[in-house]
Structures are given as C-alpha cells and as structure tokens.
Amino acid sequence: MPLIKLDAIDSTNDFLKQLFKESAVEDYTIVMANEQTKGKGQMGSKWISEPGKNLTMSILVKNIQLKNQNIYDFNIAVAISVIKVLKYIQIPNVTIKWPNDIMADSKKVAGILIENIVKPDGSFTAIVGFGLNLNQTNFENLPQATSLKCITGKTYEPEHLVLLLKDSLLENRETLNINSDLLWSDYHENLYKKDYPSPFEDKNGNRFMGIIKKVTRDGKLEVILEDDSILYFEVKEVKMLY
C-alpha cells in the first residue's frame, strides 16, 4: 500500500486524481497532507481544517464493478467504513448525516468527498477523500464542528487512523460485492435524525418540518412531511437545520 505524505497541497483529491491520470498507480494508494489549502466538500463547498491538527487524505480505489447495483452503493460502503473505525476507537454517538457528513454528538467530525472516473463498461475508479477532525480544539467560527480530541480529550495519530480507514474500506468493498443490502442496513441504522421530526430548508429558502425515512438506492433523501406526503431530495436541494 503506497502512502504518499505531503507537507502542504491544495487538495489531496486533485493530487491523487492527477497522479492517476499521469502514471500507473497501485490500488489503495493513499495521499495524506499536513495542510490542505483548498480542501473540497460536496458540490464545491470548502473543507476548512487547521494545519497539522487533523487528518486530510485521499485513497484510490480502482476498477470497481457493481453488478445489478447502483453507483451510490459504493458511497454507502465508504460512509460505513468511517463509522466502523470511529466506533472501533470508541467515539460515542457517531452517525451519518446525508449525504456525506459524519457526526459525533450531533456535531460534524468528518466529511467525505468521492469523485468517480467512470469507464465505458460501467466500472469506475474512485478517488475517496476524507477530512477527519482529530486534534483541533478551536472551532470558534465553526460552532457545528467538533473533533475526536474535543470528545475524548485524547490526542490522535493521523497515520494510525489512515491505516484503520484503509482496512475498513477494503473490508466493506468485499462486503459490497457479496451483500450490499447488509451495508444499506448498517447505513440506515446509523442515519442521523432518521425517524425524528427535524427542521429543513429547501433550495428556495422555504423552511418546513419533516421526518427522514430513508435514503433511496440512487442516493435521494426520502422525507415525510406533516401532511403525510413524501418528498425526495437530491444533494444540495435541501439542508437540515441543526
């Protein structure tokens, strides 16, 4: 497993994507950076991280073939990989906030960004980016964020977490090939605010109450409203107010 350590880079996802285009890169090659100057989140949002305090990394997963499955199944496998690692190191109350935020005690502790390179035969290679707050304790301008150290008081070694995440992802990739329903079951068991009334805001600024029932196999959020009608939202069409 090649591990590339960088002092500072604009984006580990961009670096690994370019490396993959230019040369033969082994499966599960990992890039980690002490500082990421232009970290990316979902749909172009920024991932802000204090240099040297957190884990910013990307991992290459090559030639993923999903038979009779949806490409979103891989996203589920990745999210469950993070949850399993955090539970393994005894972080309490961890959940997945749709689409790709990882929560601990209802605050964001990690984010995932997956960029797929799809081949004509339907298989694809994924660049999986993780941002995990480890040892940062100052979140003055980010009241909805937290870190592992804030939760437990312990200091965490980034490289140790890198290896745990790689092993967890490798295991769940195998599970995906054998029984993707098992991963979906785990995902819904760990889905943030599932079956609880919650406030939402749609892309037009309209606010409403709803209850998350599930995420569909193609990645849409299913929400039941107060009048018992059901709506389905794509990423960035709605946000939960918390």
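Quantities reported herein were computed from a predicted structural model and do not represent experimental measurements.

Analysis parameters
- Residues numbered from 1 in each chain as written.
- Predicted model: local features only at pLDDT ≥ 70, side-chain atom pairs only at ≥ 80, totals over all residues.
- Heavy atoms only, no water.
- Pairing = 2+ DSSP bridges.
- Helix = DSSP H or I, 4+ residues; strand = E, 2+ residues; numbered from the N terminus.
- Axes fitted to C-alpha atoms, helices over the stretch in contact; angles between N-to-C directions.
- Parallel < 35°, antiparallel > 145°, perpendicular 65-115°, else oblique.
- Contact = heavy atoms within 4.5 Å.
- Core = buried A, V, L, I, M, F, W, Y, C linked by side-chain atoms within 4.5 Å.
- Buried < 20%, exposed > 50% of the residue type's maximum accessible area, 1.4 Å probe, protein only.

(A) Summary view of the sheet that holds strand E11 (residues 230–233). Read across the open sheet, the 5 strands follow the order E11-E10-E9-E8-E12; overall the sheet is antiparallel. Each edge of the sheet is formed by a strand with only one pairing partner; in this case those strands are E11 and strand E12 (238–240). Shown here is a sheet whose adjacent strand axes are inclined to one another by a mean of 45 degrees, direction ignored. Pairing between strand E9 (residues 207–215) and strand E10 (residues 221–225): 5 bridges, direction antiparallel. Each residue of the ladder has a partner; that of Lys214, found in E10, is Glu222.

(B) Quick look at the packing of helix H4 (residues 158–178) against helix H5 (residues 180–189). Closest axis-to-axis distance for the H4/H5 pair is 5 Å, and the angle between their directions is 120 degrees. With respect to H5, the element H4 is oriented oblique. The residues of H5 that touch H4, namely those facing Asn172, Thr175, Leu176 and Ile178, are Ser180, Leu182 and Leu183.

(C) Broad picture of the sheet that holds strand E6 (residues 107–118). Strand order in this open sheet of 7 strands is E1-E2-E3-E7-E6-E5-E4, and the pairing throughout is mixed. Across the chains shown, the open sheet's two edge strands, defined by having one partner strand only, are strand E1 (3–9) and strand E4 (94–97). Strand-to-strand twist of the sheet, defined as the mean angle between neighbouring strand axes without regard to direction, takes the value 20 degrees. For E1 and strand E2 (residues 30–36), the ladder comprises 6 bridges, and the chain directions are parallel. Each residue of the ladder has a partner; that of Leu3, found in E2, is Ile30. Set on the sheet, helix H1 (residues 12–22) makes contact with E1, E2, strand E3 (55–64), E6 and strand E7 (124–132); between it and E3 the angle comes to about 35 degrees.

(D) A look at the nonpolar core. Ranked by internal contacts, the top residues of the largest apolar core, which has 61 residues, are Phe74, Leu86, Val128 and Tyr187. Here this core takes 11 residues from helix H2 (residues 72–88), the largest share from any one element. Residues contacting Tyr187, with those up to four places away along its chain left out, are Tyr72, Ile76, Ala79, Ile80, Ile96, Trp98, Pro99 and Val215. In this structure, Val25, Val31, Leu60 and Ile127 belong to the second largest nonpolar core, which totals 5 residues.

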